[in-house]
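# Residue-level structure breakdown
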Amino acid sequence: MEIVWLPSATEDLIFLLNRVDDLFGSSVSIKVRQRIMSHVYLLSSFPYMGMRDFRFSSIEIHYLVNTPNVIYYTLFENRVIILSIFNSKQSPENMQRMLADILKANGLL
């Protein structure tokens, strides 16, 4: 399956990596990026490896935990669409609201 990053997910990744770089340095930022990207690339072969988020009933949303981050994605027309990357310390309600906004903005909900 093809991996497609929504602009929201790309922005999340850049923000996350910049923050890690500011707090811990570039070597840690590079390792975080490699961990996230290796998880994401596995989705092309194993798209159902993430847990399903049943808070969304009209669309199948999955997530991968890449501690302390959570990668949210959906499957659409033989593509894995990366929706967003959240810090796991955010409230579930906030993440759900932000995901709903992303899905609506991209015509997926």
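Reference entry: report on the structure contained in this document. (Residues numbered from 1 in each chain as written. Predicted model: local features only at pLDDT ≥ 70, side-chain atom pairs only at ≥ 80, totals over all residues. Heavy atoms only, no water.)

With that settled, consider the sheet that holds strand 5 (residues 79-87). Ordered by their spatial adjacency, five strands build an open sheet running 1-5-4-3-2, and the pairing between neighbours is mixed. Two strands bound the open sheet, and with one partner strand each, they are strand 1 (2-5) and strand 2 (51-53). The sheet shows a mean angle of 35° between the axes of neighbouring strands, direction not considered. In the sheet, strand 2 pairs with strand 3 (residues 61-66) via three bridges, with the strands oriented antiparallel. Residue pairing in the sheet places arginine 52 in a bridge with histidine 62 of strand 3. Contacting strand 1, strand 4 (69-76) and strand 5, helix 1 (residues 7-24) crosses the sheet at an angle of about 40° to strand 5. (Pairing = 2+ DSSP bridges. Helix = DSSP H or I, 4+ residues; strand = E, 2+ residues; numbered from the N terminus. Axes fitted to C-alpha atoms, helices over the stretch in contact; angles between N-to-C directions. Contact = heavy atoms within 4.5 Å.)

Below, the discussion takes up a nonpolar patch on the surface. On the surface, Leu23, Phe24 and Val28 cluster together into a nonpolar patch covering about 300 Å² of accessible area. For leucine 23, the location among the structural elements is in helix 1. (Patch = residues over 30% accessible without salt bridge, like charges linked within 9 Å, V, L, I, M, F, W, Y side chains within 5 Å. Areas by Shrake-Rupley, 256 points an atom, 1.4 Å probe, with all protein chains shown as cover. Salt bridge = Lys/Arg side-chain N within 4 Å of Asp/Glu carboxyl O.)

Further remarks concern the packing of aromatic side chains. Inspection of every chain in the model, using the stated rule, returns two aromatic pairs. For the ring pair tyrosine 63 and tyrosine 72, a centre distance of 5.6 Å and an interplane angle of 40° mean the geometry is tilted. Classification of tyrosine 63 by relative accessible area gives partly exposed; the value is 23%. Both rings, one in tyrosine 72 and one in phenylalanine 86, keep their centres 5.6 Å apart while their planes meet at 75°; by these two values the pair is edge-to-face. On the criterion of sequence distance, the pair formed by tyrosine 72 in strand 4 and phenylalanine 86 in strand 5 is long-range, its members being 14 residues apart. An identical accessibility class is assigned to tyrosine 72 and phenylalanine 86; each is buried. Aromatic ring contacts, followed pair by pair, group Tyr63, Tyr72 and Phe86 into a single cluster. (Phe/Tyr/Trp six-rings, centres within 6.5 Å; stacked < 30°, edge-to-face > 60°. Buried < 20%, exposed > 50% of the residue type's maximum accessible area, 1.4 Å probe, protein only.)

On to the pairing of strand 4, then. Across the eight residues of strand 4, six count as buried, placing the element largely inside the fold. Where strand 3 folds back on strand 4, the antiparallel hairpin that results is connected by two residues. As defined by bridge partners, strand 4 adjoins strand 5 across eight bridges and the pair is classed as antiparallel. Bridge pairing in strand 5 places leucine 75 opposite valine 80. In sequence, strand 4 turns back onto strand 5 through a hairpin of two residues, with glutamate 77 there showing a positive phi of about 50°.

Limitation: the analysis is restricted to geometry and does not speak to function.
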